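A look at the structure
One-letter residues, chain by chain:
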Amino acid sequence: MLDLKAIRETPQVVDRALARRGISLAATNLHSLETQRRDQQTVLQQIQARRNDISRQVGEMKRRGENADALMAEVASLKDQMAAAEAEEKKLSDALEAELSRLPNMPADDVPDGKDETANTVVRTVGQIRNFSFTPREHDELGPQLGLMDFETAAKLSGARFVVLKGALARLERALASFMLDLHTREFGYTEVAPPLMVRDESLYGTGQLPKFADDLFRTTAGLWLIPTAEVSLTNLVADTIVDEDQLPIRVTAYTPCFRSEAGAAGKDTRGMIRQHQFTILCRNRTCRSSIIRGT
């Protein structure tokens, strides 16, 4: 989430950066909304101060045996004013929070501008692209021919964008997971975690999936969300927690099933084991990076 102080002090910088991501006047609008909230907070504080002052006067008058009906009537009136002011302040705070949560991070200066991946630039190339003396087959063609992938049975069980892995390929996935977990825990100091696969709204807001990607997630009837990546659970292990500096860095890793509805990916790279609704990820969290075993 963007820093309100930066938005307040350098709105032009924020607006220019976000304009590169197709969002116009975000900082200007947020600054206006925050000003309204701060003004409303001032009104609320003034009402609270007046109520406290009158309450003190009422107490003194009662001790002296004086009639305080007029002041008590004002206290009752201020109570109603305070309730209205609190409701308005909450409304403005919620609106500000909603606007902030939908904004992306500002791009770095060296990130190329563009509408899609065609504007990407090659930073470096590792290795050489292989030239085959034959036409290579796609994985979704080889897998079924070898009896290792079964898309038809998966579709019968669950619908499109699922696959049943069999035999050597199923064992390979399990072996890769064990290898990666053992490597990270034994050689790089990571702690293996078996986290929940369902999380609350707050966890997904904390890792940036909500509100933007709500349509790409699965939600249960109980209001919990199936995790789209193990990072959600791992990152939120320390949410709302003050961590002592001597405990840092915290290195955790997990191997979990992950779930995505991919509502916005219709017709784009959906063949075979690409953009599936269920896939497995080996995640290692130190700087929120993932090592993917299967899926995208």
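Just so it is clear, the structure is predicted and the values come from calculations on it, not from any experiment.

Our focus in this paragraph is the overall build of the protein chain. Looking only at helices and strands, one finds nine helices and eight strands in the protein chain. Here the C-alpha radius of gyration of the protein chain, 28 Å, is well above what a compact globule of 296 residues would show, namely 19 Å. Looking at the protein chain residue by residue over its 296 residues, the buried ones come to 29%. Accessible surface, the protein chain as shown: approximately 19600 Å² in total, 51% of it carbon and sulfur. Here the protein chain contributes 39 positive and 42 negative side-chain charges, whose respective centroids are spaced 3 Å apart.

What follows concerns the layout of surface pockets. As a volume, the largest pocket reaches approximately 590 Å³. Along the wall of the largest pocket there are 19 residues; nearest its centre are Ser101, Leu103, Pro104, Gly208 and Leu210. At the level of elements, helix H4 (69-102) and helix H8 (201-206) are the ones that each hand at least two residues to the lining of the largest pocket. Its residues assigned to classes, the lining of the largest pocket shows nine nonpolar, four polar and six charged.

Let's shift gears to the packing of aromatic side chains. Centre-to-centre distance and the angle between the planes together describe a pair of aromatic rings. Applying the stated criterion to the full structure yields one aromatic pair. For the ring pair Phe132 and Phe134, a centre distance of 5.4 Å and an interplane angle of 55° mean the geometry is tilted. Among the residues examined, Phe132 registers a relative accessible area of 40% and is labelled partly exposed. Taking relative accessible area as the criterion, Phe134 reaches 52% and is therefore assigned exposed.

Turning our attention to unusual backbone geometry. Backbone torsion omega between Leu210 and Pro211 reads 5°, so that peptide bond is classified as cis. Along the polypeptide, Pro211 turns up in the loop between H8 and strand S5 (225-226). Look at the link from Leu248 to Pro249: it is a cis peptide, with omega at -5°. Within the fold, Pro249 resides in the loop between helix H9 (230-235) and strand S6 (252-259). With a phi close to 55°, Asp240 is a non-glycine residue in the positive phi region. Locating Asp240 in the fold gives a position in the loop between H9 and S6. Positive phi, close to 55°, is recorded for Arg275, a residue that is not glycine. Looking at where Arg275 falls in the secondary structure, it is placed in the loop between S6 and strand S7 (278-285).

Right, let's talk about the nonpolar core for a bit. Judged by nonpolar contacts, the single largest core of 14 residues is most densely connected at Ile7, Leu18 and Leu103. Of all the secondary-structure elements, those providing two or more residues to this core are helix H1 (4-9), helix H2 (11-19), helix H3 (26-63) and H4. Aside from chain neighbours lying at most four places away, what touches Leu103 is Leu2, Leu18, Ile23, Ala26 and Leu30. Of all hydrophobic cores here, the second largest spans 10 residues; its members include Ile54, Leu71, Leu78 and Met82.

We now examine a nonpolar patch on the surface. Together, Leu237, Val238, Leu248 and Ile250 make up an exposed nonpolar region whose accessible area comes to about 320 Å². Tracing the backbone through its elements, the reader meets Leu237 in the loop between H9 and S6. According to the relative accessible area criterion, Leu237 is partly exposed, its value standing at 47%.

For S7, a buried count of six out of eight residues is recorded, marking the element as mostly surrounded by other parts of the structure. Across eight bridges, the pairing between S6 and S7 is antiparallel. Bridge pairing in S7 links Val252 to Asn285.

Here H3 is 38 residues long and its end C-alpha atoms lie 55 Å apart, about the 56 Å a rise of 1.5 Å per residue gives. When we look at burial in H3, the residues that qualify are Ala26, Ala27, Leu30, Leu33, Glu34, Arg37, Gln40, Leu44, Ile47, Ile54, Val58 and Met61. Contacts from the buried residues of H3 go to H1, H2 and H4. Phi turns positive, to about 80°, at Gly65, one or two residues after H3.

Cut-offs applied
Residues numbered from 1 in each chain as written. Predicted model: local features only at pLDDT ≥ 70, side-chain atom pairs only at ≥ 80, totals over all residues. Heavy atoms only, no water. Helix = DSSP H or I, 4+ residues; strand = E, 2+ residues; numbered from the N terminus. Rg over C-alpha atoms; globule rule 2.2 N^0.38 Å. Buried < 20%, exposed > 50% of the residue type's maximum accessible area, 1.4 Å probe, protein only. Areas by Shrake-Rupley, 256 points an atom, 1.4 Å probe, with all protein chains shown as cover. Lys, Arg positive; Asp, Glu negative; His and termini not counted. Charge placed at Lys NZ, Arg CZ, Asp CG, Glu CD. 1 Å grid on protein atoms, 1.4 Å probe; cavity = no way out; pocket = protein on both sides within 12 Å on 5 of 7 lines; lining within 4 Å. Points joined across faces, edges and corners; volume = space filled by probe spheres on them. Nonpolar A, V, L, I, M, F, W, Y, C, P; charged D, E, K, R; others polar. Phe/Tyr/Trp six-rings, centres within 6.5 Å; stacked < 30°, edge-to-face > 60°. Core = buried A, V, L, I, M, F, W, Y, C linked by side-chain atoms within 4.5 Å. Contact = heavy atoms within 4.5 Å. Patch = residues over 30% accessible without salt bridge, like charges linked within 9 Å, V, L, I, M, F, W, Y side chains within 5 Å. Salt bridge = Lys/Arg side-chain N within 4 Å of Asp/Glu carboxyl O. Pairing = 2+ DSSP bridges. Expected span 1.5 Å × (residues − 1).

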